[in-house]
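The primary structure of each chain is shown beneath.
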Amino acid sequence: MSSRQSVVLIRGGGDLATGIAARLHRSGITIIVTEVQKPRAVRRLVALAQAVYSREVLVEDLHGKLVITAEEASIAIKGGKIPVMIDPEAKIRNELRIVALVDARMRKRPPEIGVEGVPLVIGVGPGFSAGLDCHAVVETKRGPNMGRVFWEGSAEPDTGIPG
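Residues numbered from 1 in each chain as written. Predicted model: local features only at pLDDT ≥ 70, side-chain atom pairs only at ≥ 80, totals over all residues. Heavy atoms only, no water.

A.B. asks: Which parts of the structure should I look at to understand the overall build of the protein chain?
C.D. replies: Scanning the protein chain for helices and strands turns up three helices and 11 strands. Its C-alpha atoms give the protein chain a radius of gyration of 15 Å, near enough to 15 Å, the size a compact globule of 163 residues would have. Each principal axis of the C-alpha atoms in the protein chain carries an extent, and together these give about 40 × 35 × 30 Å. For the protein chain, buried positions account for 45% of its 163 residues. Intrachain contacts of the protein chain at a sequence separation of at least 6 include 41% that bridge at least 24 residues. For the protein chain, the exposed area adds up to about 8800 Å²; of that, 53% sits on carbon and sulfur atoms. Where the 22 positive side-chain charges of the protein chain centre and where its 18 negative ones centre are 3 Å apart. (Helix = DSSP H or I, 4+ residues; strand = E, 2+ residues; numbered from the N terminus. Rg over C-alpha atoms; globule rule 2.2 N^0.38 Å. Buried < 20%, exposed > 50% of the residue type's maximum accessible area, 1.4 Å probe, protein only. Contact = heavy atoms within 4.5 Å. Areas by Shrake-Rupley, 256 points an atom, 1.4 Å probe, with all protein chains shown as cover. Lys, Arg positive; Asp, Glu negative; His and termini not counted. Charge placed at Lys NZ, Arg CZ, Asp CG, Glu CD.)

In C-alpha cells form, the structure reads like this:
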C-alpha cells in the first residue's frame, strides 16, 4: 500500500464497528480495521473481528481478511477486501496516511490515542469527550439520540446495562 493513499483506520471490529466499516467501504473509502489478539466481539457472525479467528470472514457484502503487513493490506484492498490486522496499539497509523481514526472498540473509557497526529478522530460510544480526546463522538445508546454526532461534549455515560 502506498504511504500516500488515504486510509480511515477503524479500531475494533465488533458489530458496531462493522456497521461503520460497511458504510465507509460501500462509499468507496479505503479502510483498515485493527483488533486485539483475541477479540471479544459478541456477535462474531456479523463482525469483521471474526477474521482474526477464521482468517477471512464474509458479512453481507463485506469480505474481511486477516493481514499482517501494510503490503498484505494493500493486496487485500486491491482485491476488494477489508484488511483486518492484529494491532492493539494501532501502530499501522505510523506507516500509512491516516486521514481519520474511528475508535469503535466500545471500551467506555478515554482512548490512549487522542487527537494528535490524525486529522480527524471519531469516538464511538461512552468514554469520549469531543474537543478533549477526539474531534467528534457518536452516541450509541438506544433511543432518540442514537447515531447523533457530538462536536462538543460526550455521549451518554455507560449505564452498565447492555442494550
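The rest of the description comes next.
A.B. asks: What's the story with the side chain of Thr34 in this structure? I'm lost.
C.D. replies: In this fold, Thr34 is placed in strand S2 (residues 31-35). For Thr34, a relative accessible area of 2% translates into the label buried. Beyond its immediate stretch of four places on either side in the chain, Thr34 contacts Leu9, Ile10, Arg11, Gly12, Gly13, Met85, Asp87 and Ile92.

A.B. asks: Could you clarify how one ought to interpret the environment of Gly147 in this entry?
C.D. replies: Considering the arrangement of structural elements, one finds Gly147 in the loop between strand S9 (136-138) and strand S10 (149-150). Take Gly147: its relative accessible area is 44%, and that puts it in the partly exposed class.

A.B. asks: Where do I start with the pattern of salt bridges in this structure?
C.D. replies: Any two side chains of opposite charge can pair, on the condition that their charged atoms come close. For the structure shown, the criterion picks out seven salt bridges. For Lys81, the salt bridge is made with Glu56, and the minimal N-O distance between the two is 3.9 Å. In this pair, Lys81 sits in the loop between helix H3 (70-78) and strand S5 (82-86) while Glu56 sits in strand S3 (residues 56-59), placing the two residues 25 residues apart along the sequence. Residue classification places Lys81 among the partly exposed residues on the basis of a relative accessible area of 24%. A salt bridge links Glu156 to Lys141; the nearest nitrogen and oxygen atoms lie 3.2 Å apart. One end of the pair, Glu156, is in the segment after strand S11 (153-154); the other, Lys141, is in the loop between S9 and S10, and 15 residues separate them in sequence. (Salt bridge = Lys/Arg side-chain N within 4 Å of Asp/Glu carboxyl O.)

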